[in-house]
Amino acid sequence: MQTEYFEQIESNVRTYSRSFPTLFTKARGAELETSDGKRYIDFLAGAGTLNYGHNHPVLKEALIRYLSEDNIVHALDMWTEAKFDYYKAVEEKLLKPRGLDYKIQLPGPTGTNAVEAAIRLARKIKGRHNIVAFTNGFHGVTLGALATTGNAKFRDNAGVPLVGGTFMPYDGYLGEGIDTLDYLEKVLGDSSSGLDHPAAAIVEVVQGEGGTNVASAPWLRRLAEICQANDMLLIIDDIQAGCGRTGKFFSFEHAGIKPDIVTNSKSLSGYGLPFAQVLMRRELDQWGPGQYNGTFRGHSPAMITGAKALEHFWSDDSFELEVQRKGELVKQGFQELAARLRDKGIDARERGLGLMRGVDVGSGELADKITGAAFEKGLVIETSGHAGQVVKCLCPLVIEDQQIARALDILKDSVDQVVR
Ligand SMILES: *Cc1c(COP(=O)(O)O)cnc(C)c1O
């Protein structure tokens, strides 16, 4: 059996194959298929990397055409037509319509590369080392990004002290009715607070790995004001919550703020190809030539599908309205799920934004049981949160209503099966 082969050859560090121990072979849209022909609805979608679903035909066609014509696949960061078209698409479909005047940096192809570049740039501009990060934040696992990531599971395996980050309470961390920014503002204004004056703050509008915690629009606006008043840059890590996940292309659009620096990755290529970018206000582009580098900066196939995705999905507001509508379906289903759990004596709560939603069931053990039962019934769905206590929806944004309905049915049955 293949299980044994994978187990003996692959490092123990593997994660998702533990939750979903089967051999996946095919995928289209919001569905996965295994070698023995079993089909699953995909509520994980590459942890938010497949917002436009698996193998979207329009993106696939552009990619195949590009490859079949012997176009440039790898060019370091030299100029190519693929890059020209990608930049044009970002400018025309994303930046101009939103009144954003950003320059684009393509770092290495992963999210953590983008975060490393963003915080390094902030430090260089401000001449300070400290970065304010927030409780339950996740920004990647290379050392610089890891210093701004809260979860001990990752931090404890760094092997060296993680320096350069100071954690502040995220919105809602201290319970309802407490504005956690009072604390940040207070320590920034007190030269004896022990806080080294930060170069920047980095934050997710909806915390993906942290458990679909949502920062409210007023909280984000106040954070932006505090950053400005204290000569700090505001970095929005939109790696998971961006690319339409919350019902707007950029998650920060909900709050009407314009961050100094933005990071994107995960669904940026639209096709599951590795790709990341840093957007920065024009005057913040204080890099010298080659001061940040990497072999895979702007991989052409990813730029081809990335540009195509922007043209196909983001030329008007119809797609984001669809995401918002489907987000309400999942919200309603998750609220019903939470109510069902409360009826069984479990203090469960729904939260999220757009199609980035979760049900906090209070314990990682219970969340694992629910997602385990759901997997048996044909749904791939993961957990998140500090204890893995949140059952989380990251389904493709192109998912069909009836697939959402089926997934919600499976979750309901799973809850009934594991909680009596
Ligand atoms: C996934 C993620 C990262 C890290 O991206 P990688 O590609 O895994 O390095 C950083 N920030 C957020 C918010 C993420 O969800």
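Nothing here was measured: the structure is a model prediction, and the numbers come from that model. Sequence order as written defines the numbering, with residues in each chain counted from 1. In view of the model being predicted, local features appear only for residues whose pLDDT reaches at least 70, and side-chain atom pairs are presented and counted only at 80 or more, with totals across whole chains, interfaces and linings using the full set of residues. As a rule here, side-chain values cover all heavy atoms of the structure and leave hydrogens and water aside.

Student: Which residues make up the overall build of the protein, and what values go with them?
Tutor: Across its full length, the protein holds 14 helices and 17 strands. Atoms counted for the radius of gyration: C-alpha only. Globule rule: 2.2 Å times the number of residues to the power 0.38. Expected size for 420 residues packed as a compact globule is a radius of gyration near 22 Å; at 21 Å, the protein falls within 12% of this value. The principal-axis extent of the C-alpha atoms belonging to the protein is close to 60 × 55 × 45 Å. A simple rule labels every residue: compare its accessible area, found with a 1.4 Å probe on the protein chains alone, to the largest value its type can have, and call it buried under 20%, exposed over 50%, or partly exposed in between. In the protein, buried positions account for 53% of the 420 residues. Across the protein, every contact between residues at least 6 apart in sequence was considered, and the portion connecting residues at least 24 apart equals 74%. Methods summary: accessible areas were calculated by the Shrake-Rupley approach with a probe of 1.4 Å, and residue burial reflects only the protein chains presented. For the protein, the accessible area works out to roughly 18700 Å², and carbon and sulfur atoms hold 49% of it. Counting 47 positive and 55 negative side-chain charges, the protein places the averaged centre of each group 1 Å from the other. Secondary structure counts use DSSP, requiring at least four H or I residues in a row for a helix and at least two E residues in a row for a strand, with both numbered from the N terminus. For this analysis, residues touch if any pair of their heavy atoms sits within 4.5 Å. For the charge count, each Lys or Arg is scored as positive and each Asp or Glu as negative, with His and the chain ends excluded. Lysine's charge is taken at NZ, arginine's at CZ, aspartate's at CG and glutamate's at CD.

Student: Quick rundown of the domain arrangement of the protein? Include the residues and the values.
Tutor: Examined at the domain level, the protein breaks down into domain 1 (1–56 + 318–419) and domain 2 (59–314). Across the boundary between the two partners, domain 1 contributes 31 residues, which contact 34 residues of domain 2. A 1.4 Å probe defines the accessible area here, and the buried area is the portion of it lost by two parts on being joined, summed over both. With both chains or domains summed, domain 1 and domain 2 bury close to 2800 Å², and 52% of this area falls on carbon and sulfur atoms. Counting the surface domain 1 buries against domain 2, the share from its top three residues, Tyr52, His56 and Met356, is 27%. Throughout this description, the term salt bridge denotes a Lys or Arg side-chain nitrogen within 4 Å of a carboxyl oxygen of Asp or Glu. Where glutamate 320 meets lysine 248, a salt bridge forms, and the shortest distance between an N and an O atom there is 3.5 Å. In protein, a polar contact means a hydrogen-donor-capable atom and an acceptor-capable atom, both N or O and within 3.5 Å, with residues adjacent in sequence counting only if both atoms are side-chain atoms; elsewhere, any N or O pair within 3.5 Å suffices. Put simply, domain 1 and domain 2 have 22 residue pairs in polar contact (both at pLDDT 80 or more) between them. Listing elements by their share of the side of domain 1 that touches domain 2, those giving two or more residues are helix H3 (45–48), helix H12 (318–343), strand S13 (349–353), strand S14 (356–360) and strand S17 (390–393). In terms of residue count, the dominant contributor to the side of domain 1 that touches domain 2 is H12 (4 residues). The split into domains, and so the bounds of each, comes from an automatic or database assignment of domains.

Student: Which residues make up the sheet that holds strand S11 (residues 261–264), and what values go with them?
Tutor: Strands are treated as partners if at least two bridges between them are detected by DSSP. Strand order in this open sheet of 7 strands is S4-S12-S11-S10-S7-S5-S6, and the pairing throughout is mixed. Every other strand in the sheet has two partners, leaving strand S4 (102–105) and strand S6 (165–168) as the edge strands with one partner each. Strand-to-strand, the axes of this sheet are offset by a mean angle of 25°, without reference to chain direction. Bridge count between strand S7 (residues 200–203) and strand S10 (residues 233–237): 4 bridges; the pairing is parallel. Within S10, the residue paired with alanine 200 across the bridge is leucine 233. With respect to the sheet, helix H6 (residues 111–126) is in contact with S4, strand S5 (131–134), S7, S10, S11 and strand S12 (277–281), its orientation differing from that of S10 by roughly 180°. Where helices are involved, their axes are fitted lines through C-alpha atoms of the stretch in contact, as for all axes, and angles between N-to-C directions lie from 0 to 180°.

Student: Explain the site of the ligand to me, and be specific about the residues and the numbers.
Tutor: If you check the shell around the ligand, you find Thr110, Gly111, Thr112, Phe138, His139, Gly140, Glu204, Asp237, Ile239, Gln240 and Lys266 and nothing else. In the model, an oxygen atom of the ligand is placed 2.8 Å from a nitrogen or oxygen of the glycine 111 main chain. Between the ligand and aspartate 237 there is a distance of 2.7 Å, counted from a nitrogen atom to a side-chain nitrogen or oxygen. Alone, the ligand offers 380 Å² of accessible surface; in the complex the protein occludes 82% of this. Here the term charged refers only to Asp, Glu, Lys and Arg, the term nonpolar to Ala, Val, Leu, Ile, Met, Phe, Trp, Tyr, Cys and Pro, and the term polar to all other amino acids, Gly among them. Taken together, the residues of the shell around the ligand break down into 2 nonpolar, 6 polar and 3 charged. Working definition: residue near molecule or strand if any one of its non-hydrogen atoms lies within 4 Å of it.

Student: Requested: an account of the layout of surface pockets, with residues and values cited.
Tutor: Approximately 600 Å³ is the volume found for the second largest pocket. For cavity detection a 1 Å grid was placed over the protein atoms alone, and a set of points counts as a cavity when a 1.4 Å probe fits there but cannot get out; an open set counts as a pocket when protein lies on both sides within 12 Å along at least five of seven lines, with lining residues being those that have an atom within 4 Å of a point. Forming the boundary of the second largest pocket are 20 residues, of which Asp171, Gly172, Tyr173, Asn213 and Arg351 lie nearest the centre. Among the elements of the structure, strand S9 (213–214) and S13 are those that each provide at least two residues to the lining of the second largest pocket. Across the lining of the second largest pocket, the residue classes break down as 3 nonpolar, 11 polar and 6 charged. Grid points are joined across faces, edges and corners, and a volume is the space filled by probe spheres set on the points.

Student: Kindly report on the sheet that holds strand S1 (residues 24–28), identifying the contributing residues and their values.
Tutor: Spatial ordering of the open sheet is given by S1-S2-S3-S15, a layout of 4 strands whose pairing is mixed. Each edge of the open sheet is held by one strand with a lone partner, namely S1 and strand S15 (379–380). When strand S3 (residues 39–42) meets S15, the two strands line up parallel, connected through 2 bridges. Its bridge partner being in S15, aspartate 42 is matched across the sheet by valine 380.

Student: Give me the lowdown on the nonpolar core, citing residues and values where you can.
Tutor: Remark: nonpolar core denotes a set of buried residues (Ala, Val, Leu, Ile, Met, Phe, Trp, Tyr, Cys) joined through side-chain atoms within 4.5 Å. Ranked by size, the top nonpolar core spans 87 residues in total, and within it Phe43 and Phe134 carry the most contacts. When residues of this core are assigned to their parent elements, the largest contribution, 7 residues, is made by H12. In this structure, this core is formed jointly by two domains, domain 1 (1–56 + 318–419) and domain 2 (59–314), each of which donates at least three residues. Dropping the residues within four chain positions of it, phenylalanine 43 is found in contact with Phe334, Leu379, Val380, Ile381, Lys392, Cys393, Leu394, Cys395, Ile399 and Ala407. Counting 24 residues, the second largest nonpolar core, distinct from the first, contains Leu121, Ile239, Met280 and Leu284.

Student: Give a description of the pattern of salt bridges that names residues and reports values.
Tutor: Counted under the stated rule, the structure contains 27 salt bridges. Aspartate 285 is the partner of lysine 103 in a salt bridge, and the nearest nitrogen-oxygen pair spans 2.7 Å. A residue pair is termed long-range when its members are at least 10 positions apart, and lysine 103 in strand S4 and aspartate 285 in the loop between S12 and helix H11 (300–313) qualify at 182 residues. Since its relative accessible area comes to 33%, lysine 103 is described here as partly exposed. The partly exposed category is assigned to aspartate 285, whose relative accessible area is 26%. Among the ionic pairs, aspartate 182 bridges to arginine 222, the shortest N-O distance being 2.8 Å. Of this pair, aspartate 182 sits in helix H9 (residues 181–188) while arginine 222 sits in helix H10 (residues 217–229), and the two are 40 residues apart along the sequence. Taking the relative accessible area as the measure of exposure, aspartate 182 reaches 44% and is therefore partly exposed.

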